[in-house]
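Structure assessment
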Amino acid sequence: MSGFCPRHHPLNTSTEDDLAMLIRDPTSGRASERAAFQDGLVAMATPLLGIAIWGTVTGLAMIQAGLDPAQAVGMSLIMYAGSAQLAVLPLLAAGAPPASILLTALLVNLRFVMASAVLAQDFRSLPPFRRFVIGVFTVEATLAGYLMRGRDGRTQPEREQFKLGANLAIWSLWQGATLIGIFGAGVLPTSSDWMWIGQLAVLAIGAPLLRVAGSTGAVAVTAIVAIAVSYTHLTLPTKRIV
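Everything in this summary refers to the structure shown in the same document. Starting from 1, residues in each chain are numbered consecutively following that chain's sequence as written. The predicted origin of the model limits local features to residues at a pLDDT of at least 70 and limits the giving and counting of side-chain atom pairs to 80 or more, whereas totals for whole chains, interfaces and linings rest on all residues. Side-chain metrics rest on all non-hydrogen atoms present in the structure, leaving aside hydrogens and water.

1. What about the overall build of the protein?
When its secondary structure is counted, the protein shows 12 helices and 0 strands. For the protein, the sequential pattern of α-helices and β-strands runs α-α-α-α-α-α-α-α-α-α-α-α. Only protein chains enter the area calculation, which uses a 1.4 Å probe; residues under 20% of their type maximum are buried, those over 50% are exposed, and those in between are partly exposed. Evaluated residue by residue, the protein yields a buried proportion of 41% over its 242 residues. Whether two residues are in contact is decided by their heavy atoms: any pair within 4.5 Å suffices. A fraction of 79% describes how many contacts in the protein between residues 6 or more apart in sequence connect residues 24 or more apart. Counting from the N terminus, the helices are the DSSP runs of H or I reaching at least four residues and the strands are the DSSP runs of E reaching at least two.

Structural data, given as structure tokens:
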């Protein structure tokens, strides 16, 4: 087995360069990683409006589907996938079997398999838990931001910190927007009034991936899912909000 083979396997060039830099000046590596983390946070200013709208729509939809605020918050924290959340809401309202609900969420989120395959090229050498943290919080916006601004000219530790910064920014924004939708359900317009704006927001979030080679498939799936979920939601049984 390769894990027990005594044969020497040379490090790739980028890893050797990273180690050489840290040996020369360990503090410069930490400073550059902090800067990369901040760059990841700042890079997510571009999709900010789209994420805010989509999160608000999702929060409203959960309340209209009959979930109470605690259930809606829990669903947002656990699933963290707006399209999947909207896709399963009609099933929850109709009392569908749990297996059907889980299968629907899985199918809607298959696009993230493609995202993981793209990220694996840069992070497969990291320990499993660190790969998990990078992958589980990846959405279209963070993937696009990383591929366009976080990859080229950076060492692997800097790439990791950029991705973590981007993930934190979008996760925080999404949860905040979802809370606005959940607790503003009695004041804000209904989610069906916002749905067409939500469709445009999702397309705007995924559109930057068109500028990245090999990501067209992910954009196409994102667009199809957004439109299908939106039209499905138009028939969603809703709870009257007073």
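Picking up where we left off.
2. Notes on the environment of S83
Here S83 lies in helix α5 (residues 82-93). A sequence separation of 25 residues divides S83 from T58, and the C-alpha atoms of the two residues are 8.4 Å apart.

3. Considerations on the packing of aromatic side chains
The rule is short: rings of Phe, Tyr and Trp, with Trp giving its six-membered ring, pair when the centres are within 6.5 Å, and they are stacked under 30 degrees, edge-to-face over 60, tilted in between. Counted by the stated rule, this structure contains 3 aromatic pairs. Consider the rings of F123 and Y146, whose centres lie 5.6 Å apart with planes at 40 degrees: the pair is tilted. Of the two residues, F123 is situated in helix α7 (residues 111-123) and Y146 in helix α9 (residues 140-150); the sequence distance between them amounts to 23 residues. You'll find F123 and Y146 in the same group, each marked buried. The interplanar angle of 55 degrees and the centroid separation of 6.5 Å between the aromatic rings of Y146 and F162 together place this pair among those described as tilted. Residue Y146 is located in helix α9, and its partner F162 is located in helix α10 (residues 156-183); the two are separated by 16 residues in the primary sequence. A relative accessible area of 0% places Y146 in the buried class. Of the aromatic side chains, those joined through ring pairs into one cluster are F123, Y146 and F162.

4. Concerning the side chain of E158
Checked against the element boundaries, E158 lands in helix α10. In terms of polar contacts, E158 uses its side chain to reach the side chain of S32, at 2.8 Å. In the analysis that follows, any N or O atom pair within 3.5 Å is treated as a polar contact, provided that within protein one partner can donate a hydrogen and the other can accept it, and provided that, for residues neighboring in sequence, both atoms belong to side chains.

5. Overview of unusual backbone geometry
One non-glycine residue, Y80, adopts positive backbone phi at about 45 degrees. Topologically, Y80 is positioned in the loop between α4 (69-79) and α5. Residue Y80 is classed as buried on the basis of its relative accessible area, which comes to 9%.

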